[in-house]
Amino acid sequence: GAEGDQGYTHLLAAVVLGPTRAADSRITGIQTPGGTGALRLAAELIARSGKAPTIWIGTPTWPNHGPIFREAGLAVRTHAYFDAARADLDFDAFIAGLAEAKAGDVVLLHGCCHNPTGTSFSAEQWRALAALATDRGLIPLIDLAYQGLGDGLDEDAAGMREMLAAAPEALLAYSCDKNFALYRERVGALWVQAATPAAALPVRETMLVLARSLWSMPPDHGAAVVR
C-alpha cells in the first residue's frame, strides 16, 4: 500500500532516530521513493498545513531542493551557508540569514555531509540551531541522505536527534540510496514529529493520501534489502 514496507520503516527508525526517539508516539513515518520522494512528500504536507510557510534554504545546496518546494507551491528564500574563501561553512551568516524567518516557517538543514560542500554542523552548532528553532517557532526539515558516510551512524545522526528532542514539530527526509548502495532502487522514508501524539494520527492519514496520489506505492525490493 501507500505506506510501503512498514517493517523497513520501523526497523530503520531505530537506526536513524535512536531506539528511544523511534518509540515516541508523536513520530510517524512511511516509506518513500528515495530521499527525493521524502522531500516532495514533506513539501506537499507543508503546503497543506494552511499556514503558508516560507522554506529557508542555505546556499549552495543540492540543486533539486528549490524546485521540489516551488513545485508544491511554496515560497522559497535562500541565505548564506558556505564561505568559499575559507572553504568552510559560515555559521554566523547562516544564522543571520534567518533574521526575517517567522514562526511556522520551515528551515531546511542537511543532517550531515552537506551536498555539495561536504561540511557538517558541529555539536555546538546543532545545539544553537535547536535553541533558535524552539525560541523562534521555526520548523526544522532535516535532509539526512548520507548517514554513516561521515563520522559514523550514530555520530552523523547526533545533531538531528538533538534537534528532534528540542523542537515541538519537525520533519526528517531520509535516504538509503547511498549508504546501502541502492540508488536506483529509490529507498527512502519520511518521518514527521507532530506536536502531540493525537496530532500524529491526522498527519499520518494526510501523508498516506498524498503518497497515494503521488506514486501510489513505493518500490519494494530495495526496502526489503534494507529490512
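Nothing here was measured: the structure is a model prediction, and the numbers come from that model. (Residues numbered from 1 in each chain as written. Predicted model: local features only at pLDDT ≥ 70, side-chain atom pairs only at ≥ 80, totals over all residues. Heavy atoms only, no water.)

Asks: Tell me about the overall build of the protein chain, residues and numbers included.
Replies: Counting secondary structure elements, the protein chain contains nine helices and nine strands. Relative to its length of 227 residues, the protein chain is compact, with a C-alpha radius of gyration of 16 Å against a globular reference of 17 Å. When its C-alpha atoms are laid out on the principal axes, the protein chain stretches across 45 × 35 × 35 Å. Looking at the 227 residues of the protein chain, the share that counts as buried comes to 51%. The long-range share in the protein chain, meaning contacts at least 24 apart out of those at least 6 apart in sequence, stands at 73%. For the protein chain, the exposed surface amounts to about 9,800 Å²; the carbon and sulfur share of it is 55%. One way to put it: in the protein chain the 18 positive side-chain charges average out to a point 6 Å from where the 24 negative ones average out. (Helix = DSSP H or I, 4+ residues; strand = E, 2+ residues; numbered from the N terminus. Rg over C-alpha atoms; globule rule 2.2 N^0.38 Å. Buried < 20%, exposed > 50% of the residue type's maximum accessible area, 1.4 Å probe, protein only. Contact = heavy atoms within 4.5 Å. Areas by Shrake-Rupley, 256 points an atom, 1.4 Å probe, with all protein chains shown as cover. Lys, Arg positive; Asp, Glu negative; His and termini not counted. Charge placed at Lys NZ, Arg CZ, Asp CG, Glu CD.)

Asks: Let's hear about the sheet that holds strand β1 (residues 27–32): which residues, and what values?
Replies: With mixed pairing, seven strands are arranged side by side in an open sheet as β1-β9-β8-β7-β6-β2-β3. Where the open sheet ends on each side, the last strands, each with one partner, are β1 and β3 (75–80). When the angles between neighbouring strand axes are averaged without regard to direction, this sheet yields 20 degrees. In terms of strand pairing, strand β2 (residues 54–59) meets strand β6 (residues 106–110) through three bridges, oriented parallel. (Pairing = 2+ DSSP bridges. Axes fitted to C-alpha atoms, helices over the stretch in contact; angles between N-to-C directions.)

Asks: Describe in detail the packing of helix α1 (residues 6–17) against helix α7 (residues 153–166), supporting the description with residues and values.
Replies: Helix packing geometry: the angle between the two helix axes and the distance between the axes. Running from N to C, α1 and α7 point in directions that differ by 90 degrees, and their axes come no closer than 8 Å. The angle between the axes of α1 and α7 places the two elements in the roughly perpendicular class. Of α7, the residues touching α1 (which contributes A14, V15, V16 and L17) are L153, A157, M160, R161 and L164. Grouping the amino acids of the contact of α1 with α7 by side-chain chemistry returns eight nonpolar, no polar and one charged. (Parallel < 35°, antiparallel > 145°, perpendicular 65-115°, else oblique. Nonpolar A, V, L, I, M, F, W, Y, C, P; charged D, E, K, R; others polar.)

Asks: Report on helix α8 (residues 197–214), specifying residues and quantitative values.
Replies: For α8, with 18 residues, the first-to-last C-alpha span of 26 Å sits near the 26 Å given by 1.5 Å per residue. Within α8, the full set of buried residues consists of A200, M207, L210 and A211. Across the axial projection of α8, the buried residues extend over an arc of 100 degrees, all falling on one side. Facing away from the buried side of α8 by more than 90 degrees, the exposed set consists of A198, L201, V209, R212 and S213. The inward-facing, buried residues of α8 contact β1, α3 (34–47) and β9 (188–193). S216 sits one or two positions beyond α8 and adopts a positive phi of about 70 degrees. (Expected span 1.5 Å × (residues − 1). Arc of directions from axis to C-beta.)

Asks: An account of the pairing of β2 is needed here, citing residue identities and associated values.
Replies: Buried residues dominate β2, accounting for five of its six residues. Note that β2 and β3 share six bridges and pair parallel. Within the sheet, the bridge partner assigned to T54 lies in β3 and is A75. The β-α-β motif built from β2, the intervening helix α4 (residues 65–71) and the parallel element β3 has right-handed crossover chirality. (Right-handed = clockwise from strand over helix to strand, strands pointing away.)

Asks: Could you give me a rundown of α7, with the residues and numbers involved?
Replies: Taking 1.5 Å of rise per residue, 14 residues should cover 20 Å, and α7 covers 21 Å from first to last C-alpha, within 8% of that figure. Of all the bends found along α7, the most pronounced is centred on G159 and spans about 35 degrees. Here α7 has its buried residues at D156, A157, G159, M160, R161, M163 and L164. (Bend = angle between axes of the 7 residues up to and from the residue.)

Asks: So what about the environment of L108? Which residues, and what values?
Replies: Secondary-structure assignment places L108 in strand β6. Once the C-alpha coordinates of L108 and L172 are considered, the two residues, 64 residues apart in sequence, prove to be 9.8 Å apart. Beyond its immediate sequence surroundings of up to four residues, L108 is in contact with L39, W56, I57, H65, F69, F94, L141 and D143.

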